[in-house]
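# Report on the structure
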Amino acid sequence: MGGNGAFALAIVAVMLFLLGIIIGVRIGSELAKGCVTKREYWMANFKILGVGVLVSALIGLTGLTLVAGIPIGAMAGAIASLKMDFGESVGPWKFHDKAFRVNKDQLRRAQDGSHAEAVRRAKRDGTPMPEVISVADDSPQGSPDKAKGAPRKRSKGK
C-alpha cells in the first residue's frame, strides 16, 4: 500500500482509538455508580482490564488489527472515568494526584474515607446525603443581628 493509503489507515486507527475512549468513559461512569467501597472500585477496575484483554485477544486472533484501538481506548477511558466518578484518590491515583497537585478534593476525601463512602452509598441508594456542614448558630450571645459583620438594620424614618 502506498504512502497515502498507510496514512489514511493510521488516521482511521486513531479515530477508532478515540471512539474506544468515548465508549470507555461511558462504561466507567456506569460502573462507578455501583462502587461504594474501595474493594468494589478495584473489582470494577479488574473487570475492565479482564474484558479489555479478552476482547483484544479475540481481535488479535481474527486478524482485524485496524480495530485493535477500540478495546485499548475503551480500557483507558473506562479506568479514567471510573476514577473520576468514584470521587476519591485510590492506589496509584493518589500518588498521581499528589505529584501533579490535581484533584485536591479527591485527595481530601481519601483522608476521611468513611465520609466519602457514606456519600457514595447515599448516591447509589438514592437516600439523603450525609451532612457536610453544621447549621448550628455560632453567633455571640444575644440577637443574631448584633453579630460581628452582620449588616445593620435601617430605621424607616432615616
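All of the points below concern the structure found in this document. (Residues numbered from 1 in each chain as written. Predicted model: local features only at pLDDT ≥ 70, side-chain atom pairs only at ≥ 80, totals over all residues. Heavy atoms only, no water.)

## Thoughts on the layout of surface pockets
Each pocket or cavity is described by its volume, and for the second largest pocket that value is around 180 Å³. Around the second largest pocket sit 13 residues that line it, and I27, I48, V51, G52 and A74 are the ones nearest its centre. Going through the elements one at a time, α1 (3-33), α2 (38-62) and α3 (69-86) are the ones with two or more residues in the lining of the second largest pocket. Here the residues of the lining of the second largest pocket are counted per class, giving 11 nonpolar, one polar and one charged. (1 Å grid on protein atoms, 1.4 Å probe; cavity = no way out; pocket = protein on both sides within 12 Å on 5 of 7 lines; lining within 4 Å. Points joined across faces, edges and corners; volume = space filled by probe spheres on them. Helix = DSSP H or I, 4+ residues; strand = E, 2+ residues; numbered from the N terminus. Nonpolar A, V, L, I, M, F, W, Y, C, P; charged D, E, K, R; others polar.)

## Brief notes about the nonpolar core
Grouped together as the largest cluster of nonpolar side chains are 11 residues: A32, C35, Y41, A44, I48, M75, A78, I79, L82, F86 and V90. Elements that contribute at least two residues to this core include exactly α2 and α3. Sorting elements by how many residues they give to this core places α3 first, with five residues. Apart from the residues lying within four places of it in its own chain, the contact partners of A78 are G24, V25, I27, G28 and I48. (Core = buried A, V, L, I, M, F, W, Y, C linked by side-chain atoms within 4.5 Å. Buried < 20%, exposed > 50% of the residue type's maximum accessible area, 1.4 Å probe, protein only. Contact = heavy atoms within 4.5 Å.)

## Brief notes about the environment of V51
One can find V51 in helix α2. For V51, a relative accessible area of 52% puts it in the exposed group. With 24 residues separating them along the chain, V51 and M75 place their C-alpha atoms 8.7 Å apart.

## Overview of the packing of α2 against α3
Packing of α2 against α3 leaves a shortest axis separation of 9 Å and a crossing angle of 170°. In terms of their interaxial angle, α2 and α3 are classed as roughly antiparallel. Across the interface between the two elements, K38, Y41, A44, N45, I48, L49, G52, V53, V55, S56 and I59 from α2 touch P71, I72, M75, A78, I79, L82, K83 and F86 from α3. Taken together, the residues of the contact of α2 with α3 sort by class into 14 nonpolar, three polar and two charged. (Axes fitted to C-alpha atoms, helices over the stretch in contact; angles between N-to-C directions. Parallel < 35°, antiparallel > 145°, perpendicular 65-115°, else oblique.)

## Considerations on the packing of α1 against α3
Where α1 meets α3, the closest approach of the two axes is 6 Å, and the angle between their N-to-C directions is 35°. For the pair α1 and α3, the sense of crossing is right-handed. Residue-level contacts link L16, F17, L19, G20, I21, G24, V25, I27, G28, S29, L31 and A32 of α1 to G69, I70, I72, G73, A74, G77, A78, S81, L82, D85 and F86 of α3. Of the residues belonging to the contact of α1 with α3, the class tally is 14 nonpolar, eight polar and one charged. (Left-handed = near helix turned anticlockwise from the far one by under 90°.)

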